[in-house]
Amino acid sequence: MEALAVRLSHLDSQAEGAIRVVMFFDTLMRRRVDVPALARASAVLAECVAGIRLHGTGRAIRVSSDGRVASAPPGPASTTVPVTLDEEEIGTVWLERPGPPGPLDEMLLDRLAIAAAAVVERYGPARTTMADPALVELVIGSDSDEAGRARALRLLGFHPDLPVRVVAVRSQLPLDQVAALLCPARAVKAAPLADVGVILATTLDPTRIPAGVRAGIGAAESADRSWSEARTALRFTTSRRPVIPYDDLGALALLAQVPQDATRDNADVAAIARLADNPEDLETLDTYCAVGSLRRTADRLHLHHSSVARRLEQIGRALGIELTEPAGLVRARLALTLWQLLDD
């Protein structure tokens, strides 16, 4: 390998040199070299320090032109190229050449980046966040057999013996960004399925979910049940409560099983639907049902409590419900929740 690099370094023709660079990296890939070997070969070929950093490992490999690990402090990169896999940047490769870049440096780094991505994919599992949706469906599908589920988990980089938490997400942000925030230090995978994003992780921190993202978090240890729970929890999310763990729903989760036709035919739900034409009234009712107190509702809405009292009185007449009575408040809460499930 080093002999080939020495011969290539003496070529004068830039065109022929470019072809030789391609052949050089093709040879490396046929030999199934690892990342350190890629860095060594590239440094010898470029006759300067070559570096590879993979975001998934957090480590940088720097090799000098003699094929040894570079001991000198890192110099400024003369040329840098990102390493991408499945349209996600997973690392960087660079050369530390004193003076201006060489005529073939950019091509050399392009081929090095492609080779590094191939090595990561082969020996990974791949350190990308976005995953093959087909593999994710095997993990969360209710009709998947356990052997197929375990195999898909291994291919995604999870240990089959560790429970995987499942999160159902609706977000305008890229799904890989949400997943990386949710689980910054451990393996995490994400994939879009229809209009819902799926995130798989062994550990997660719901407090890191950014604003504007709605997420339902499954609780079961089995991935298929966790996915079902996550989808159910997602249906209960609102702008006021955008992240809901399934365990927090308790008996409310049973409302998701009510047939939608029966929900639409309910008089209280129909009254809530009419009330929704006035966003202020709907926000007032939603806040009052959440906090259960006139004064706390006024504080949340930044209104005088007398104004909120008049508004709630009007809303109660429109709904035909006495909101100041405990039974009436429970009735309004149920109707509002069922209407929100329809709105989903």
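Anything mentioned here points back to the structure above.
Quick summary incoming for the structure in this document.

Criteria and thresholds
- Residue positions are given per chain, counting from 1 as you read along its sequence in written order.
- Side-chain atom pairs in this predicted model are given and counted only at pLDDT of 80 or more, local residue features only at pLDDT of at least 70, and totals for whole chains, interfaces and linings cover all residues.
- Side-chain numbers here rest on the full set of heavy atoms in the structure, without hydrogens or water.
- Under the DSSP-based scheme used, a helix requires at least four consecutive residues in state H or I and a strand at least two consecutive residues in state E, with every element numbered from the N terminus.
- Here, expected helix span is obtained from the residue count minus one, scaled by 1.5 Å.
- Whether a residue is buried, partly exposed or exposed follows from its accessible area with a 1.4 Å probe, protein chains only, as a fraction of its type maximum: under 20%, in between, or over 50%, in that order.
- The directions from the helix axis to the C-beta atoms form the arc being described.
- Contacts were defined at the residue level, with two residues in contact if any of their heavy atoms lie within 4.5 Å.
- Under the rule applied, a polar contact is a pair of N or O atoms within 3.5 Å (in protein, one hydrogen donor and one hydrogen acceptor; residues adjacent in sequence only if both atoms are side-chain atoms).
- Two strands qualify as a pair provided that DSSP identifies no fewer than 2 bridges between them.
- For every element, the axis is a line fit to its C-alpha atoms; helices are fit only across the contacting stretch, and the angle between N-to-C directions ranges from 0 to 180 degrees.

1. Looking at helix H13 (residues 305-319)
For step 1, the next point in the chain: Along its 15 residues, H13 runs 21 Å from first to last C-alpha, staying within 8% of the 21 Å computed at 1.5 Å per residue.
For step 2, the next point in the chain: Burial in H13 covers these residues: Val 308, Leu 312, Ile 315, Gly 316 and Leu 319. Here the buried residues of H13 occupy an arc of 100° about the axis, which is enough to place them on one side. Away from the buried face of H13 by more than 90 degrees, exposed residues Arg 317 and Ala 318 are located.
For step 3, the next point in the chain: Buried residues along H13 sit against helix H10 (267-275), helix H11 (279-291) and helix H12 (294-301).
For step 4, the next point in the chain: Where H13 ends, the next residue or the one after it, Gly 320, has phi of about 75°, a positive value.

2. What about the side chain of Arg 97?
For step 1, the next point in the chain: Examined against the element boundaries, Arg 97 turns out to sit in the loop between strand E4 (88-96) and helix H4 (105-123).
For step 2, the next point in the chain: A polar contact of 2.8 Å, which involves the side chain of Arg 97, links it to the side chain of Asp 105.
For step 3, the next point in the chain: If we skip the residues at most four places from it in the chain, Arg 97 touches Ala 46, Glu 47, Cys 48, Ser 78, Gly 102 and Asp 105.

3. Focus: the sheet that holds strand E1 (residues 49-54)
For step 1, the next point in the chain: Pairing is antiparallel in the open sheet, where 4 strands are placed in the order E2-E1-E4-E3. Of all the strands in the sheet, the pair left with one neighbour each is strand E2 (59-63) and strand E3 (79-85). For this sheet, the mean inter-axis angle between neighbouring strands, taken without regard to orientation, is 20°.
For step 2, the next point in the chain: Pairing between E1 and E2: 5 bridges, direction antiparallel. Its bridge partner being in E2, Ile 52 is matched across the sheet by Ile 61.
For step 3, the next point in the chain: Sheet strands in contact with helix H3 (residues 35-46) are E1, E2 and E4, and its direction is about 155° off that of E1.

So, to be careful, I would describe these as geometric facts and stop short of saying anything about function.
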